[in-house]
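# Residue-level structure breakdown
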Amino acid sequence: MSACVMSSCGSVKTGSLNLRKQADQAFESGDYLSALTCYQNIDSLSRDAELYRRMTISALNIEDYGRAYQYCQQVNEYDSCIVSGFKTLTENFIKHQREVQIVENDKKFFYNVVGKEYLLKQLSSYYVYCNSEKILDVYSDIEDKNLRKDIFPTYLSVAKKVKSDDELKAICLEMLKEDKEQLQALKYLGLNKYNYAEDEYKKAMAEYNKKKNSTTYAYLLRDLKIVSKEYVKSKEYLEKVHKLDPEDQTAIKCLVNIYNRLDQPAKAKSLQKLLK
């Protein structure tokens, strides 16, 4: 009985050695599909780290990224072939959208293979392409100021759907510390101040129009003085927007109204000509 068992084990071992020889030959010749097929048929107990490295590289070369990720868990070191293979995946998320979830589910692993900042750049670029809310999950982890600057417009657009007004203002102010000419941040803050000032102006005028007398007029002047400060703050932001983007019609319309509210008719008239 023991002889039969030993004979069977020897047969398995011999078979594994033969398969490995075939697989290695296919691997060395660049026939990665055949190599992977042979490697997969080798008993798991006969596989070592080098075999898993070759399995990983083979899977990467035939763009079977799910298997490549699986096999790479058994690899001791990530050589240039593995790093390059997984970088190819992250550089082509649009082509390999189904594989994005593999990366998202184990960012730590991919940080170790391709580098954290590199992966965050590829993920954020993909999220910008998709206009995905997932950009909120990676933005705070990005240390590269230039990258944050590049993806900020999409980040702000997505953040508007889920964050409060105070949070959005804080986000924009923080961005302006890094980039004083971040157009979307300037525009958000400018319009925010403008809308607030307009609401307060209309409230003050409505109260005065209910009962016009010297007392209510005095209150109106007091309220309008306070509101004027908000218009001035809005103007500072929107003038920068207009300088950076002279065609922005929203900024022009608001500035025309602000100049009129602040008793600057010449400036209002000059900008009025730019409205389409």
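Residues numbered from 1 in each chain as written. Predicted model: local features only at pLDDT ≥ 70, side-chain atom pairs only at ≥ 80, totals over all residues. Heavy atoms only, no water.

### What about the packing of aromatic side chains?
As a reminder of what qualifies: In summary, the pairing rule links any two rings of Phe, Tyr or Trp, Trp by its six-membered ring, whose centres are within 6.5 Å, and it sorts them by plane angle into stacked for under 30 degrees, edge-to-face for over 60 and tilted for everything else. Only lysine NZ and arginine CZ atoms are considered, and such an atom sits over a ring when it is within 6 Å of the ring centre and within 35 degrees of the ring normal.
A complete count under the given rule lists 14 aromatic pairs for this structure. Seen in terms of ring centroids, F109 and F110 are 4.9 Å apart; in terms of plane orientation they differ by 85°. Their pairing is edge-to-face. These aromatic residues form a ring-pair network of at least three members: Y69, Y78, F86, F109 and F110. Between K87 and the ring centre of Y118, over which it is positioned, the NZ or CZ distance is 4.6 Å.

### Observations regarding the side chain of R148
Short version of the rule: To qualify as a helix, a DSSP run of H or I must reach at least 4 residues; to qualify as a strand, a run of E must reach at least 2; elements of each kind are numbered from the N terminus. Three exposure classes are used, based on accessible area relative to the maximum for each residue type with a 1.4 Å probe and protein chains only: buried under 20%, partly exposed in between, and exposed over 50%. Nitrogen and oxygen atoms within 3.5 Å of one another constitute a polar contact, given that in protein one can donate a hydrogen and the other can accept it, and given that sequence-neighbouring residues count only through two side-chain atoms. The criterion used for residue contact is that any of the two residues' heavy atoms lie within 4.5 Å.
The topology assignment puts R148 in helix α10 (residues 145-159). Overall, the relative accessible area of 12% leaves R148 in the buried class. Looking at R148, its side chain comes within polar contact range of the main-chain oxygen of I142, at 2.5 Å. Once residues within four sequence positions are removed from consideration, R148 is found in contact with Y139, I142, E143, M175 and E178.

### Details of the pattern of salt bridges
Rules: We define a salt bridge as a side-chain nitrogen of Lys or Arg found within 4 Å of a carboxyl oxygen belonging to Asp or Glu.
If you walk through the whole model with that rule in mind, you get 23 salt bridges. One salt bridge in this structure joins R261 and E198, with 3.1 Å as the shortest N-O distance. Here E198 lies in helix α12 (residues 183-210) and R261 lies in helix α14 (residues 249-261), a separation of 63 residues in the sequence. On the accessibility criterion, R261 (29% relative accessible area) is partly exposed. Take E198: its relative accessible area is 8%, and that puts it in the buried class. By sharing partners, the salt bridges in this structure join R20, D24, E28, D48, E50, R53, R54 and D79 into a single network.

### Quick word on the confidence of the model for the chain
Applied cut-off: Each residue carries a pLDDT value, the predictor's own confidence for that position, ranging from 0 to 100.
Per-residue confidence for the chain gives a mean pLDDT of 92, with 94% of residues at or over 70. Contacts for the low-pLDDT stretch residues 1-12, under 50 throughout, to residues beyond four places or in other chains number 0 contacts.

### What to know about the packing of helix α4 (residues 65-72) against helix α5 (residues 80-91)
Worth spelling out the cut-off: Axis lines are fitted through C-alpha atoms, for helices just across the contact stretch, and the angle between N-to-C directions can take any value from 0 to 180 degrees. In what follows, roughly perpendicular refers to angles from 65 to 115 degrees, roughly parallel to angles under 35, roughly antiparallel to angles over 145, and oblique to any angle outside these ranges. Helix crossings get a hand from a simple test, with the near helix turned counterclockwise from the far one by less than a right angle marking a left-handed crossing and a clockwise turn marking a right-handed one. Three classes are used: nonpolar for Ala, Val, Leu, Ile, Met, Phe, Trp, Tyr, Cys and Pro, charged for Asp, Glu, Lys and Arg, and polar for all others, with Gly counted as polar.
Relative to each other, α4 and α5 sit at 140°, their axes nearing to 11 Å. Of the possible angle classes, the one that applies to α4 and α5 is oblique. Handedness of the α4/α5 crossing: left-handed. Where α4 approaches α5, its residues Y65, A68, Y69 and C72 are matched on the opposing element by I82, G85, F86, T88 and L89. The class makeup of the residues in the contact of α4 with α5 is 7 nonpolar, 2 polar and no charged.

### Some details on the environment of K273
Note on placement: K273 falls in the segment after α15 (265-272). Judged by its relative accessible area of 67%, K273 is exposed. The spacing of K273 and V256 is 17 residues in sequence and 10.0 Å in space, taken between C-alpha atoms.

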